[in-house]
Amino acid sequence: MAAGGGGSGDPLAPAGVPCAFSPHSQAYFALASTDGHLRVWETANNRLHQEYVPSAHLSGTCTCLAWAPARLQAKESPQRKKRKSEAVGTNNQTDLLALGTAVGSILLYSTVKGELHSKLVSGGHDNRVNCIQWHQDSGCLYSCSDDKHIVEWNVQACKVKCKWKGDNSSVSSLCISPDGKMLLSAGRTIKLWVLETKEVYRHFTGHATPVSSLMFTTIRPPNESQPFDGITGLYFLSGAVHDRLLNVWQVRSENKEKSAVMSFTVTDEPVYIDLTLSENKEEPVKLAVVCRDGQVHLFEHILNGYCKKPLTSNCTIQIATPGKGKKSTPKPIPILAAGFCSDKMSLLLVYGSWFQPTIERVALNSREPHMCLVRDISNCWAPKVETAITKVRTPVMNSEAKVLVPGIPGHHAAIKPAPPQTEQVESKRKSGGNEVSIEERLGAMDIDARKKGKDDLQTNSFPVLLTQGLESNDFEMLNKVLQTRNVNLIKKTVLRMPLHTVIPLLQELTKRLQGHPNSAVLMVQWLKCVLTVHASYLSTLPDLVPQLGTLYQLMESRVKTFQKLSHLHGKLILLITQVTASEKTKGATSPGQKAKLVYEEESSEEESDDEIADKDSEDNWDEDEEESESEKDEDIDEEGDEDAEGKDEENGEDRDIASEKELNGDSDLDPENESEEE
């Protein structure tokens, strides 16, 4: 398997560098280092066989590589009839090596000629190529990219045969089925395509992060009694970035469950994976996984259905330097790649430096769960000059070669126009004025670029500061990082921090959460980012619960009081709203209404007027009383007259007198007469 390159700044890029063993008896090991050079090493004697430097090795760095299959090379090698001797001599050698680049082009390098065979550019990808797979029979090449597309190439014509959208996000990995009729692709989800129709045959759940490796593990299904359609019942393996679990999936019928049937657990992110295919149901699958921490984990398991618990490795291999002297301690040597030999009982290990690796064959006859190989590689760091002179070929520059200036990969650096300040400085110097000081010259330069890159510098420096602060337990350094309130900066820092600092960071956040509430508000932002970004990594830790026990207890205690606090909060809001409403009603005045009654209190100076007014009012009251009495007398006289008329109707004189009295107004009688009449 060719590992993806992690040289870019993308935190979700696979770790390691692109490398692969040749398919024909693993005679060669190809490695594309971070400086853009392709080096091919002989595995038998650990010598540099060839070195190739692409013309755009700095901008279009190699991101993936794949050897052409052995059958295809046997067909293509005797193409040139003019040189039969050359064709016969290359039958035992590997030929084409496909290199994917960061700018979307694919280079085909011939190890026989030691030069570039062809270049696949037109109509292909316009972004980073993530994976390349050769078809074992048709000679076609399949590639996937960050531009979300999968491309099928005709290698002989150097043209695109078919191009289709593989996912809504970038497609990170490919794998062709053993019968050559299906294609697995993976971004965040895994899809199985029918190559003839380019239609999706099955969907699989996938991983939380981009899938970095896909490999079929079986050729035949475990149940051989049922008819085999070439794909149903087969198992395949997938590994993802920042994920310490390798999942095993089985291609089933549509109504069956589409989640992983089992998983293998490793100590760190997988960098290189190799396996031996299982040809029948009794033969176990042997798996060699190289992790980013430099260890190799060996698994041996018979794939026979669902397994609940993740399987641990049968054997772990490490390499260390001998501790010379009493004071010196052994240092670990990273293992870069590992591949099974053809006998399946030995392993090729590549360890040391990417620029001068050491390749060694190790027999797997030990039943010990842990192997530590002691190797002294102090003499292997210097490259072998004599082999480099005879074997390395420098490509000839042609007229079509482009010279790239430093900048974005595949682009020319933007030429910034001179700022107006520099023109003023130059005019001063030309006019023969005073000599311009260095400070003024520096001020005239384009210093704005540094201001623009301030956030980038912070983003790059914060993970380093955080890691150093956690390792040295530096309180001031941790305060500088953890006191930030920029949410985007927090997310970028958590994305770029190394995995081994996740648990120490969680423990530090737990301590700070127990402190002042103001600092706890900031720590919650960090805690949220860490738990969401590194959830897949934390789920693979076997001792996660005891390590985060304090955090669990702290969160439970906070949550218990939350209900009471919310009740209190609701009551307080109700009281406050009622108080404010009552205050508003009191203070509100009704506009536009005139007073119906106004009472004005008079001063003491007007007392005499008041007394006079009081006397007048008393006299008026007496007159009113007399008038009322006279009115009563008139009423009584009228009543008496009516009675007299009723008693004595014949007495006409009295009636005339009474009527005359009424007409003359002599109705006022003495009080004595009033009493007699009554």
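Residues numbered from 1 in each chain as written. Predicted model: local features only at pLDDT ≥ 70, side-chain atom pairs only at ≥ 80, totals over all residues. Heavy atoms only, no water.

1. Details of the overall build of the protein chain
This is how the line gets drawn: Secondary structure elements are defined from DSSP: runs of H or I of at least 4 residues count as helices, runs of E of at least 2 residues count as strands, and each element is numbered from the N terminus. Working definition: with a 1.4 Å probe on protein chains only, accessible area under 20% of the residue-type maximum means buried, over 50% means exposed, and in between means partly exposed. Per-residue accessibility takes into account occlusion by the displayed protein chains alone, with areas from the Shrake-Rupley method and a 1.4 Å probe.
Counting secondary structure elements, the protein chain contains 17 helices and 29 strands. By residue count, 40% of the 678 residues in the protein chain fall in the buried class. For the protein chain, the accessible area works out to roughly 40600 Å², and carbon and sulfur atoms hold 52% of it.

2. Points about the state of the cysteines
Defined as follows: Two cysteine sulfur atoms form a disulfide, by the criterion used here, when they sit within 2.5 Å.
What the rule picks out here adds up to zero disulfides. Note on cysteine 62: no disulfide assigned, nearest cysteine sulfur contributed by cysteine 64 at a separation of 6.3 Å. With relative accessibility at 18%, the residue cysteine 62 sits in the buried group.

3. A look at the sheet that holds strand S17 (residues 211-216)
We apply this condition: We call two strands paired when DSSP finds no fewer than two bridges between them. Angles here are taken between N-to-C directions and fall from 0 to 180 degrees, while the axes themselves are lines fitted to C-alpha atoms, restricted in helices to the stretch in contact.
Here we have four strands laid out as an open sheet, ordered S17-S18-S19-S20, and antiparallel in their pairing. Among the strands making up the open sheet, the edge pair consists of S17 and strand S20 (262-265). Within this sheet the neighbouring strands show an average axis-to-axis angle of 20°, counted without direction.

4. Points about the environment of serine 143
Which entries qualify depends on this criterion: Under this definition, polar contacts are N or O atom pairs within 3.5 Å; protein pairs additionally need one hydrogen-donor-capable and one acceptor-capable atom, and for neighbouring residues in sequence, both atoms have to be side-chain atoms.
On the secondary structure map, serine 143 appears in strand S10 (residues 141-145). Considered as a pair, serine 143 and cysteine 131 are twelve residues apart in the sequence and their alpha carbons are 5.7 Å apart. A polar side-chain atom of serine 143 sits 2.7 Å from a polar atom in the side chain of histidine 125.

5. Structural notes on unusual backbone geometry
Positioned with a positive phi, lysine 198 is a non-glycine residue whose angle comes to about 60°. Turning to its location among the elements, lysine 198 is positioned in the loop between strand S15 (190-194) and strand S16 (199-204). With phi around 65°, lysine 344 is a residue other than glycine that occupies positive phi space. Tracing the sequence through the fold places lysine 344 in the loop between strand S26 (335-340) and strand S27 (346-352).

6. Comments concerning the confidence of the model for the protein chain
Note the following rule: Values of pLDDT, the confidence the predictor places in each residue, fall between 0 and 100. Contacts were defined at the residue level, with two residues in contact if any of their heavy atoms lie within 4.5 Å.
For the protein chain, mean pLDDT is 77; residues scoring 70 or higher make up 70% of the total. Looking at the elements of the protein chain, mean pLDDT is at its lowest for helix H2 (residues 84-89), recorded as 37, and at its highest for S10, recorded as 95. Ignoring residues within four places in sequence, the model shows residues 381-391, a span with pLDDT below 50, making twelve contacts including any to other chains. When the criterion is pLDDT under 50, residues 667-678 qualifies, and its contacts beyond four places in sequence or with other chains add up to nine contacts.

7. Things to note about helix H14 (residues 549-587)
What counts is decided by this rule: By this rule, a helix spans an expected 1.5 Å times one less than how many residues it contains. A residue's bend is the angle separating two fitted axes: one through the seven residues that end there, the other through the seven that start there.
The terminal C-alpha atoms of H14 lie 56 Å apart, and with 39 residues this matches the ideal 57 Å at 1.5 Å per residue to within 8%. The axis of H14 is deflected most strongly, by about 30°, at phenylalanine 562. Residues of H14 that are buried sit in contact with helix H10 (502-513), helix H11 (517-533) and helix H13 (544-547).

8. Concerning the pattern of salt bridges
The condition is simple: A pairing counts as a salt bridge when a side-chain nitrogen of Lys or Arg comes within 4 Å of a carboxyl oxygen of Asp or Glu.
Within the structure shown, the criterion is met by eight salt bridges. The closest approach of N and O atoms between glutamate 152 and lysine 198, which form a salt bridge, is 3.3 Å. Here glutamate 152, found in strand S11 (residues 149-154), pairs with lysine 198, found in the loop between S15 and S16; they are 46 residues apart in sequence, far enough to count as distant. Lysine 198 carries the same exposure label as glutamate 152, and that label is buried. Between lysine 344 and glutamate 283 there is a salt bridge whose closest N-O contact spans 3.1 Å. Within this pair, whereas lysine 344 is found in the loop between S26 and S27, its partner glutamate 283 is found in the loop between strand S21 (270-276) and strand S22 (285-291), the two being separated by 61 residues in sequence. Of the residues examined, lysine 344 reaches a relative accessible area of 26% and is grouped as partly exposed.

9. Topic: the sheet that holds strand S12 (residues 159-165)
The strand order S9-S10-S11-S12 describes an open sheet built from four strands, whose pairing is antiparallel. Edge positions in the sheet fall to strand S9 (129-134) and S12, since each of these pairs with one other strand and no more. Strand-to-strand twist across the sheet, computed as the mean angle between neighbouring axes with direction ignored, equals 20°. Pairing of S9 with S10, which is carried by five bridges, proceeds in the antiparallel orientation. What sits directly across from tryptophan 134, in S10, is leucine 141.

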